[in-house]
Amino acid sequence: MAKPATVKLHPSKNPQKENVRGAMVALLQKHLGTAIDLSYQCKQAHWNVKGMNFIAVHKLFDELHEATEAFVDLIAERLTGMGGQAQGTVQAAAANTVLEAYPLDIVKSEDHLRRLSDSYSAWGKALIEGIEEADEAGDDLTADLLTEVGRGISTGLYFLESHFQVEDAGHST
Ligand SMILES: [Fe+2]
């Protein structure tokens, strides 16, 4: 069962129970902050990457940014639709994100690919936990939304780690 809501909600005719809405708003706030954080981790990589495969990864990082930015809006509008007040500023995102701060000095493409894959994996894990929490609270719609985000983040992780899985498995390239 969802814990009693400690989150202040706007009046809403949303049919979900108020204590569930409060718990889901708190849950979604964390994922909103993470989505904002990750979307600009991808831009940080897009702008600063260097290496022989520059153009491919430069474009990939921008595509990942765009996909993640779509999740920012999706999550924020589920949160506000449940009567919550979205914490959407950069400062709020820095406080709410589940991710480690992205280093500002990464240059090589492989280093960006590996570091971003760490972020994708960390958010993917938090999303699986979030889906469970939404399921237990009885909120199928939030569980479904987080599942959609989780599927996208899983695909992003695949795009990133496919660059180095061959080396890590000990095969020659
Ligand atoms: Fe650009």
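In the annotation of an unreviewed UniProt entry, the entry for the protein reads DNA protection during starvation protein, and the organism field reads Aureimonas glaciei. Within the UniProt record for the protein, the comment given under Sequence similarities (unreviewed entry) is "Belongs to the Dps family."

## Points about the overall build of the protein
Along the backbone of the protein there are six helices and zero strands. The linear arrangement of helices and strands in the protein, starting from the amino end, is α-α-α-α-α-α. Here the C-alpha coordinates of the protein stretch approximately 55 × 30 × 20 Å along the principal axes. Burial statistics for the protein: of 173 residues in total, 45% are counted as buried. Pairs at least 24 residues apart make up 74% of the contacts formed inside the protein by residues separated by at least 6 positions. For the protein, the separation between the mean place of its 15 positive charges and that of its 25 negative charges on side chains is 5 Å.

## Digging into the UniProt feature "domain: Ferritin/DPS" (unreviewed entry) in the protein
Under the UniProt annotation, the feature "domain: Ferritin/DPS" (unreviewed entry) is placed at residues 26–164. The straight-line gap between the two end C-alpha atoms of residues 26–164 is 36 Å; of that span, 78% is helix and 0% is strand.

## A few points about the nonpolar core
Phe61, Ile75 and Trp123 are the most contacted members of the largest nonpolar core, which has 44 residues in total. When contributions to this core are tallied by element, the ones reaching two or more residues are α1 (18–48), α2 (54–81), α4 (109–137) and α5 (140–161). Sort the elements by how many residues they give to this core and α1 lands first, with twelve residues.

## Some remarks on the packing of α1 against α2
With their axes 8 Å apart at the nearest point, α1 and α2 run at an angle of 160 degrees to one another. In terms of axis orientation, α1 runs roughly antiparallel to α2. Crossing of α1 over α2 shows left-handed handedness.

## Digging into the pattern of salt bridges
A full pass over the atoms with the stated rule returns four salt bridges. Among the ionic pairs, Glu110 bridges to Arg114, the shortest N-O distance being 2.7 Å. In this pair, Glu110 and Arg114 both sit in helix α4, four residues apart, roughly one turn of the helix. For Glu110, a relative accessible area of 37% gives the class partly exposed. You can call Arg114 partly exposed: its relative accessible area is 26%. A salt bridge links Lys125 to Glu129; the nearest nitrogen and oxygen atoms lie 3.2 Å apart. With Lys125 and Glu129 both in helix α4 and four residues apart, the pair spans about one turn of that helix. The exposure class of Lys125 is exposed, given its relative accessible area of 54%. Owing to a relative accessible area of 42%, Glu129 belongs among the partly exposed residues under this scheme.

## Regarding the side chain of His31
Here His31 shows up in helix α1. Owing to a relative accessible area of 0%, His31 belongs among the buried residues under this scheme. Beyond its immediate stretch of four places on either side in the chain, His31 contacts Ile75, Trp123, Ala126, Leu127, Gly130 and Leu146.

## Some details on the packing of aromatic side chains
The tally for this structure, following the rule as stated, stands at two aromatic pairs. Here the aromatic rings of Tyr158 and Phe159 are separated by 5.5 Å at their centres, their planes lie at 45 degrees, and the arrangement is tilted. Here Phe159 falls in the partly exposed class, since its relative accessible area comes to 39%. The cationic tip of Arg114 hangs over the ring face of Phe164; the distance from NZ or CZ to the ring centre is 4.2 Å.

Basis of the calculations
Residues numbered from 1 in each chain as written. Predicted model: local features only at pLDDT ≥ 70, side-chain atom pairs only at ≥ 80, totals over all residues. Heavy atoms only, no water. UniProt positions renumbered as here; feature names shortened; annotations may be inferred. Helix = DSSP H or I, 4+ residues; strand = E, 2+ residues; numbered from the N terminus. Buried < 20%, exposed > 50% of the residue type's maximum accessible area, 1.4 Å probe, protein only. Contact = heavy atoms within 4.5 Å. Lys, Arg positive; Asp, Glu negative; His and termini not counted. Charge placed at Lys NZ, Arg CZ, Asp CG, Glu CD. Core = buried A, V, L, I, M, F, W, Y, C linked by side-chain atoms within 4.5 Å. Axes fitted to C-alpha atoms, helices over the stretch in contact; angles between N-to-C directions. Parallel < 35°, antiparallel > 145°, perpendicular 65-115°, else oblique. Left-handed = near helix turned anticlockwise from the far one by under 90°. Salt bridge = Lys/Arg side-chain N within 4 Å of Asp/Glu carboxyl O. Phe/Tyr/Trp six-rings, centres within 6.5 Å; stacked < 30°, edge-to-face > 60°. Lys NZ or Arg CZ within 6 Å of the ring centre and 35° of its normal.

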